[in-house]
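# What the coordinates show
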Amino acid sequence: MAQIIDGKAISAAIRLEVKEAVSDWVAAGHRAPYLAVVLVGENPASASYVRGKAKAAAEVGIESDTLTYDASISEKDLQEIVDRLNQDDGVDGILIQLPLPDHIDERKVIGVLNPAKDVDCFHPESVGNLVIGIDGFAPATPAGIIELLVRSGIETTGKHCVIVGRSNIVGKPLANLMLRKGVDATVTVCHSRTQNLSEITKQADILVAAIGRANFVTEDMVKDGVVVIDVGINRVDDSTRERGYRLVGDVDFDAVSKKASHITPVPGGVGPMTIAVLLQNTFKAATN
Ligand code: BQF
């Protein structure tokens with residue numbers, strides 16, 4: 001039976017570290033770090049994530065405002081809003097909550113961000129720095145995964161990390177972090193077109209599932225002793241729940257946890273770590 005990697009507890013430890021750092025910073029006479037959150041449209045999941053981020057920020061002494069805009073806002077107006085936040089010395093970090101409405105090209109908006117305020121590490125310059133190993137903001141979910149591994153005492157050096165999923169937000173930046181000196185994993189990135197997927201996932205010492213399909217990774221796809229990191233957040237109908245659904249990961253937890261040495265739960269695994277890294281980045285943005 002696998003050991004559960006408690007992302008909620010590890011996230012709480014990081015948030016406490018940030019809280020103490022913010023407190024020292026303010027005690028030294030500086031103003032509190034400030035995060036601007038840009039939310040466009042009425043995606044209920046996005047609204048919920050943004051509420052969680054604002055609450056977590058407040059709890060560690062980071063000030064934030066959520067700037068909410070109608071889904072009909074133009075790309076140009078949104079670019080101007082970001083540019084104004086860039087110019088504002090009182091704004092340390094800027095977070096543009098994704099996804100944006102279909103008529104807006106996300107890249108055109110993210111491209112306006114001042115990389116020094118890009119606490120999500122989405123700007124091309126931030127991504128370039130990540131790839132070549134220049135110190136900058138950490139991509140929140142991938143860096144959260146590294147923190148989970150490190151703080152759980154899981155060896156990464158020379159280990160085969162198989163990532164299933166090639167998104168710009170998880171798969172690709174995580175591959176880069178896992179390859180870094182000091183982490184030193186051997187990395188394979190698989191995706192929806194990968195042939196013989198389970199032959200590859202069975203070779204994983206560390207398996208990261210970021211596919212976006214409920215219970216996609218089954219026990220026949222993993223070897224005994226694997227470390228499983230489940231990035232998925234999928235809603236499945238559940239009439240026994242008040243909301244009518246429950247959240248499940250990309251991994252068949254019950255079956256795979258019998259073979260794994262360590263596994264992250266959903267909820268309470270990777271998700272809370274994303275928030276913790278965002279707070280670390282915002283503090284870094286304020287104190288750089
Ligand atoms: C938990 C996200 C897909 C698309 C856009 C805690 C979060 C989630 C789960 C959270 C996510 C996912 C976020 C849990 C932020 C992670 O207890 O398991 C926190 O707030 N996340 C986002 O902002 O945009 C997304 C996933």
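Here, the structure is the one placed above.
Below or above, wherever it landed, is the structure these notes cover. (Residues numbered from 1 in each chain as written. Predicted model: local features only at pLDDT ≥ 70, side-chain atom pairs only at ≥ 80, totals over all residues. Heavy atoms only, no water.)

Turning to the site of the ligand, a few remarks are in order. Inspection of the region around the ligand gives Tyr49, Lys53, Gln97, Ile233, Pro267, Gly268, Gly271, Pro272 and Ile275 as its neighbouring residues. Contacts to the ligand include Gly268, whose backbone N or O atom sits 2.8 Å from an oxygen atom. Burial of the ligand by the protein chains amounts to 66% of its free accessible area of 530 Å². Counting residues per element, the ones that place at least two in the shell around the ligand are helix H2 (44–59) and helix H10 (270–287). Top element by residues in the shell around the ligand is H10. It accounts for three residues. In the shell around the ligand, the residues fall into five nonpolar, three polar and one charged. (Near = heavy atom within 4 Å. Polar contact = N/O pair within 3.5 Å; in protein donor to acceptor, adjacent residues only side chain to side chain. Areas by Shrake-Rupley, 256 points an atom, 1.4 Å probe, with all protein chains shown as cover. Helix = DSSP H or I, 4+ residues; strand = E, 2+ residues; numbered from the N terminus. Nonpolar A, V, L, I, M, F, W, Y, C, P; charged D, E, K, R; others polar.)

In this section: the sheet that holds strand S5 (residues 160–164). Each strand in a sheet pairs with its neighbour through backbone hydrogen bonds, running either in the same direction (parallel) or in the opposite one (antiparallel). Taken in spatial order, the six strands of this open sheet run S1-S11-S8-S7-S5-S6, and their pairing is parallel. Edge strands, defined here as strands with exactly one partner in the open sheet, are strand S1 (3–4) and strand S6 (186–190). The pairing of S5 with S6 spans five bridges and is parallel. In the sheet register, Val164 faces S6, and the bridge partner there is Cys190. (Pairing = 2+ DSSP bridges.)

This part covers empty space enclosed by the protein. The tally for this structure, following the rule as stated, stands at one cavity of 30 Å³ or more. Its boundaries defined by the atoms lining it, the largest cavity holds a volume of some 30 Å³. Class assignment for the residues of the lining of the largest cavity results in four nonpolar, one polar and no charged. (1 Å grid on protein atoms, 1.4 Å probe; cavity = no way out; pocket = protein on both sides within 12 Å on 5 of 7 lines; lining within 4 Å. Points joined across faces, edges and corners; volume = space filled by probe spheres on them.)

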